[in-house]
Amino acid sequence: MHLYTIGSLFYALGVNLASPFNRKAKLLLKGHHHIFKTLEEKVDRDASYLWFHASSLGEFEQARPLIERIHMRHPECRILLTFFSPSGYEVRKDYKYADIVCYIPFDLPVNVNRFLDHVRIEKAFFIKYEFWPNFLLGLQKRGIETYSISSIFRESQLFFKWYGGFYAKPLHCFKHLFVQDRNSKDLLAGIGIDCVSIVGDTRCDRVIEVAAASKQFPIIEKFVNGSPTFIAGSSWPQDEALFIPYFRNKKDWKIIIAPHEIHEEHLVQIEGMLEDRRHLRLSQATPDNVHDAEVLIIDCFGMLSSIYRYGHIAYIGGGFGVGIHNILEAAVFDIPVLFGPNNRRFREAQDLKRLKGGFEITDAYSLRVLIDKFISSPASMKKAGRIAGDYVRRSGGTSDQILGEIGLD
């Protein structure tokens, strides 16, 4: 444990050193400076809190169905929401269903004790891959019920190596682990952890709710105007280098690109690749000019999950880098989903590949072959989309099951 703590200390020092040169490190450090001030100002000393910790935005979407159900059914409950990543905190720092939103401090014993002394935690929920040894041991010492939500485990993780006893020790601090698949449960059983339920991914509940309440955007409807439409969601430059050249000669298709990063440099790069295709940023679109555009670039956040409703094929970015983004948001609208090769850690991607509702793209050639097939056979495209949508709908109900098992239904 001492080696882990020393490593955490060096990580914190590294963030401090990098902050003048790295935007995310700077935001992280700024947020950490305000953690305890925020707690001092906002914590009700007479109340107890349900603590949800999510690393970033994707994990937050897994916590969200639980938080909002608790708010609806138990409005008296107080919610503390913490993030590790600036990309989660900066987007959701004003989340209305949480009483307090802040960063989690670095996982050092002094921080753990100070944090837990500030807030009376009733139950703690760590989402997916969040296993913070010092925090988990600190919660256990105080007798606080702690749960792992929508977690998924793989044999390659250190917990399951012959030398992994030290790494696995914090997993025994959880009162219960709600995992996504049978393999995760079997792996945990192999290291003596049996307080496990297979429930799936809570994000399915979220995307089903979003789809049911999805917004209509008249400006986008006017842009699409009944044309077949390809939507690229959360795209990175590596993704755009594949699909933009393909669609240069597909003039009958409309293209919607929602980049993962919308800073000016990236937007200009995308526009430079579009060459002779008439393109327009959403911020510049009007009812008069959007109809003639062939490509619409979404240069704002918060719309993508509803925009997928206008698509016939979706490409989800990140698979040639950090890992694919949320493919369920698109799949729920009954459209086939394409994504890059870095998808092994995502159960939904593996399931959809097996069912033929999701498809892995490894290069420009594999993308061309697949989309050519869909264009030449609309029936096969529709069938793949229906498979994707049915998969999401069958996977709903996870949040209610979890809340029932922990007594918050």
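This is a predicted model, so every value here is computed, not measured.

Engineer: Tell me what's going on with a positive patch on the surface, and back it up with residues and numbers.
Structural biologist: A contiguous patch of positive charge on the surface is contributed by Lys 356, Lys 373, Lys 382, Lys 383 and Arg 386. Among the elements that make up the positive patch, the one with the highest residue count is helix 18 (residues 378–394) (three residues). Inspection of the secondary structure puts Lys 383 in helix 18.

Engineer: For the state of the cysteines, give the residues involved together with the corresponding values.
Structural biologist: Inspection of every chain in the model, using the stated rule, returns zero disulfides. In this structure Cys 77 is not part of a disulfide, and its nearest cysteine sulfur, from Cys 102, lies 18 Å away.

Engineer: For the sheet that holds strand 12 (residues 313–316), give the residues involved together with the corresponding values.
Structural biologist: Overall, parallel pairing links the seven strands, which are arranged 10-11-9-8-12-13-14 in an open sheet. If you trace the sheet from one side to the other, it starts and ends with strand 10 (279–281) and strand 14 (358–360), each paired once. In this sheet, neighbouring strand axes are inclined to one another by 20° on average, regardless of whether the strands run parallel or antiparallel. Sheet analysis places strand 8 (residues 229–235) next to strand 12, joined by four bridges and oriented parallel. Directly across from Gly 233, in strand 12, lies its bridge partner Ile 316. On the sheet, helix 12 (residues 237–246) packs against strand 8, strand 9 (254–259) and strand 12 and is oriented at approximately 170° with respect to strand 8. The strands touched by helix 13 (residues 264–273) are strand 8, strand 9, strand 10 and strand 11 (295–297); relative to strand 10, the strand with the most contacts, the crossing angle is about 165°.

Engineer: Break down the nonpolar core for me, citing the residues and quoting the values.
Structural biologist: Ranked by size, the top nonpolar core spans 72 residues in total, and within it Leu 39, Trp 51, Phe 52, Leu 80 and Phe 153 carry the most contacts. When sequence neighbours within four positions are dropped, the list of residues in contact with Trp 51 reads Leu 80, Thr 82, Ile 104, Phe 115, Leu 116, Ile 121, Lys 123, Ala 124, Phe 125, Phe 126, Phe 135 and Leu 139. Val 207, Ile 220, Tyr 308 and Phe 339 belong to the second-largest nonpolar core, a separate cluster that totals 40 residues.

Engineer: Let's hear about the pattern of salt bridges: which residues, and what values?
Structural biologist: What the rule picks out here adds up to 30 salt bridges. Measuring nitrogen to oxygen at the nearest pair gives 3.8 Å for the salt bridge that ties Asp 276 to Lys 251. Placement of Asp 276 in the loop between helix 13 and strand 10 and of Lys 251 in the loop between helix 12 and strand 9 is noted, with a sequence separation of 25 residues between them. Ionic pairing is found between Glu 360 and Arg 344, a salt bridge with its closest N-O pair at 2.9 Å.

The rules behind the values
Residues numbered from 1 in each chain as written. Predicted model: local features only at pLDDT ≥ 70, side-chain atom pairs only at ≥ 80, totals over all residues. Heavy atoms only, no water. Patch = residues over 30% accessible without salt bridge, like charges linked within 9 Å, V, L, I, M, F, W, Y side chains within 5 Å. Areas by Shrake-Rupley, 256 points an atom, 1.4 Å probe, with all protein chains shown as cover. Salt bridge = Lys/Arg side-chain N within 4 Å of Asp/Glu carboxyl O. Lys, Arg positive; Asp, Glu negative; His and termini not counted. Charge placed at Lys NZ, Arg CZ, Asp CG, Glu CD. Helix = DSSP H or I, 4+ residues; strand = E, 2+ residues; numbered from the N terminus. Disulfide = S-S within 2.5 Å. Pairing = 2+ DSSP bridges. Axes fitted to C-alpha atoms, helices over the stretch in contact; angles between N-to-C directions. Contact = heavy atoms within 4.5 Å. Core = buried A, V, L, I, M, F, W, Y, C linked by side-chain atoms within 4.5 Å. Buried < 20%, exposed > 50% of the residue type's maximum accessible area, 1.4 Å probe, protein only.

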